[in-house]
Amino acid sequence: MEIVGSRRKSSLSSAGDAFPTLPLYRSAPVLEVRLEDFELYAIHRLRVLKGISDGLSRGKKPNEMENLIKDLWKVNMMHSEAAEVINKDIISHFVLRLVYCREEELRRWFLSMETTLFRYRFQLETPEAQRALLAEFDLPYKAINNAEYETVKDKLNQVVRSTGQSLSSADTVYYKVPFEQVPELVATRRVYILKGYAYVAMNQVNSLLVTQYRSNLSKALVLTNRKWTSMIREQEKDRLTPIVEALSVSYLGPDYSQSKEYGEISLKDIDQVAKKSFPLCMRHLFGKLKEDHHLKHGGRMQLGLFLKGVGLNLDDALAFWKAEFSRKVGAERFDKEYAYGIRHNYGKEGKRTDYTPYSCQKIITSTPGVGDHHGCPYRHFSEDNLRAALSTMGVGNRAVEDVMDKVRNRHYQLACTLTFEAIHGASCDEGINHPNQYYNDSKKVLESRNNSKGT
Ligand code: SF4
């Protein structure tokens, strides 16, 4: 791909018809991409993949996943122009390959989500398009012709009947596959075998195709990682590296630096609000600050920006931190050493940037050292400490087990979502992506409960 600074017609758009709806992403296309599109398309695809990841970890059923993926695709990837859709699909896939090829954990996640996306999209294709894709994949299997089908038809129908499918719905397109390549189908007697070949129905071939897709993509990711330095010109690498790095930890939700959706938070209410509406990461920092009257830099940043996002104004923030810190270091030292950092977070010192509260992604990938209290408890606490913290928050035994299950599978944000749901007795369908979103959602639930009590 060639990255350009201004819009130029993509060579792909004029050749759009030559591509099937679902591309196989065999090689990076030769086309020019605006730098803005490079990033934007990747963000849109990332939203689809993150939605899939969330759906899978919530244990959604196949039909629910199918609807979810259809919706995610429609919202994020569709354009009025068909050729634009294909361009975006291909460009975004290859950009994310660059983003996710660099570490084993990233590669594994990307591979799994892209394969799931491919499987569902393939299922949604028409039978003709599926056959065309199979042909394009060049799998070493041949569809049997009509004459051969007639000779084995009865046997094939017997297998279909024995597996409980209705004959009318059975696909009459079958592929001959060496039986050792489909051990699962053989073991469950879902195929007819003759002379070393299994007669595999079209819908069963799909899984072979998906396996092949996964294996191709896996190899391609390793290769992309190796070639990252030589793949693109040095000058382009300088432009792309910051985007590629930022995308792998990118937060895709709203900016909470100015949100203050629930007005300002007052100092006299802050203890109560913390107990009811702060997520565990912030409750922990808040508690440690009250206990030790001190937090190290990482903790001051994480909690300080969160508090700014929930509506603690600068004067109150200075008073809040001073009240705690002065008990440990004295008021004078606070004014000298710590007040600057707080004003800085509010954009009143240094570069005068209005800093944004940290997202879950950023907090989860942080690496707290000894004596630090920042980070995400679901990721950084020991199991015993996490269990104790959850029970202090009022999470019941059964919900604690569900949360721990998600933690063991490294679905930290989902563990936080389950905690939210257990405490608030309300569902949080979009999942927790940001501590300030947790706070806003909590306030929403509590306020609507108060309002309904009042009526
Ligand atoms: S998932 Fe996000 S909001 Fe929840 S504890 Fe971790 S960092 Fe905080």
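The shown structure was predicted, so the numbers you read here are calculated from the model rather than taken from an experiment.

Undergrad: Help me understand the packing of helix α14 (residues 314-329) against helix α15 (residues 331-345) in this model?
TA: The relative placement of two packed helices comes down to the angle between their axes together with the axis-to-axis distance. Running from amino to carboxyl end, α14 crosses α15 at an angle of 140°, the nearest separation of the two axes being 9 Å. What the angle tells us is that α14 and α15 run oblique. As for how α14 packs across α15, the hand of that crossing is right-handed. Within the contact between the two elements, α14 uses Leu314, Ala317, Leu318, Trp321, Lys322, Phe325, Ser326 and Val329 and α15 uses Ala331, Arg333, Phe334, Tyr338, Ala339, Ile342 and Arg343.

Undergrad: Even after reading the chapter, I still don't get the pairing of strand β4 (residues 174-178), so can you show me in this structure?
TA: Residues in a regular strand project their side chains so that they alternate between the two faces of the sheet. As judged from the two bridges shared by strand β3 (residues 142-143) and β4, these two strands associate in the antiparallel manner. Each bridged residue has a counterpart across the sheet, and for Ala143 the counterpart in β4 is Tyr175. Strand direction decides the pairing type here: β4 and strand β6 (residues 197-201), joined by five bridges, are antiparallel. Within β6, the residue paired with Tyr174 across the bridge is Ala201.

Undergrad: Any chance you could explain the environment of Lys153 here in plain terms?
TA: Counting through the fold element by element, Lys153 comes out in helix α7 (residues 146-162). Here the alpha-carbon distance between Lys153 and Thr172, two residues 19 residues apart in the chain, equals 8.7 Å.

Undergrad: I tried to follow the site of the ligand on my own but got confused; where do I start?
TA: Close contacts around the ligand come from 15 residues, with Pro279, Cys281, Cys360, Cys376 and Cys416 the closest. Those elements that place two or more of their residues in the shell around the ligand are α12 (280-292), α16 (360-364), α17 (377-380), α20 (412-424) and α21 (435-454). Class assignment of the residues belonging to the shell around the ligand gives a composition of 14 nonpolar, one polar and no charged.

Undergrad: Help me out: how do you make sense of α15 in this one?
TA: When the terminal C-alpha atoms of α15 are compared, their 20 Å separation across 15 residues agrees well with the 21 Å that a helix rising 1.5 Å per residue should span. Of all the bends in α15, the greatest, near 50°, is centred on Tyr338. Within the span of α15, buried status applies to Phe334, Ile342 and Asn345. Elements that come into contact with the buried residues of α15 comprise α13 (297-310) and α14. Remark: Gly347 follows α15 within two positions and exhibits a positive phi of approximately 75°.

Undergrad: In this structure, what is going on with the sheet that holds β6? I would like to understand it.
TA: Strand pairing in a sheet relies on backbone hydrogen bonds. The paired strands run either parallel or antiparallel. Taken together, the four strands give an open sheet; going across it, the order is β3-β4-β6-β5, and neighbouring strands pair in antiparallel fashion. Since the sheet does not close on itself, it has two edges, and those belong to β3 and β5 (192-194), each with one partner. Where α7 meets the sheet, its contacts fall on β4, β5 and β6, and the angle it forms with β5 comes to roughly 140°.

Undergrad: Is there a simple way to explain the pairing of β6 in this structure?
TA: In terms of burial, β6 is largely enclosed, as four of its five residues are buried. As judged from the three bridges shared by β5 and β6, these two strands associate in the antiparallel manner. Counted as the bridge partner of Leu194 is Tyr197 from β6.

What counts and how
- Residues numbered from 1 in each chain as written.
- Predicted model: local features only at pLDDT ≥ 70, side-chain atom pairs only at ≥ 80, totals over all residues.
- Axes fitted to C-alpha atoms, helices over the stretch in contact; angles between N-to-C directions.
- Helix = DSSP H or I, 4+ residues; strand = E, 2+ residues; numbered from the N terminus.
- Parallel < 35°, antiparallel > 145°, perpendicular 65-115°, else oblique.
- Left-handed = near helix turned anticlockwise from the far one by under 90°.
- Contact = placed C-beta atoms within 7 Å.
- Pairing = 2+ DSSP bridges.
- Near = placed C-beta within 6 Å.
- Nonpolar A, V, L, I, M, F, W, Y, C, P; charged D, E, K, R; others polar.
- Expected span 1.5 Å × (residues − 1).
- Bend = angle between axes of the 7 residues up to and from the residue.
- Buried ≥ 20, exposed ≤ 12 C-beta atoms within 10 Å, placed from the backbone.

Honestly, that's just the spatial picture; any functional story needs more than this.
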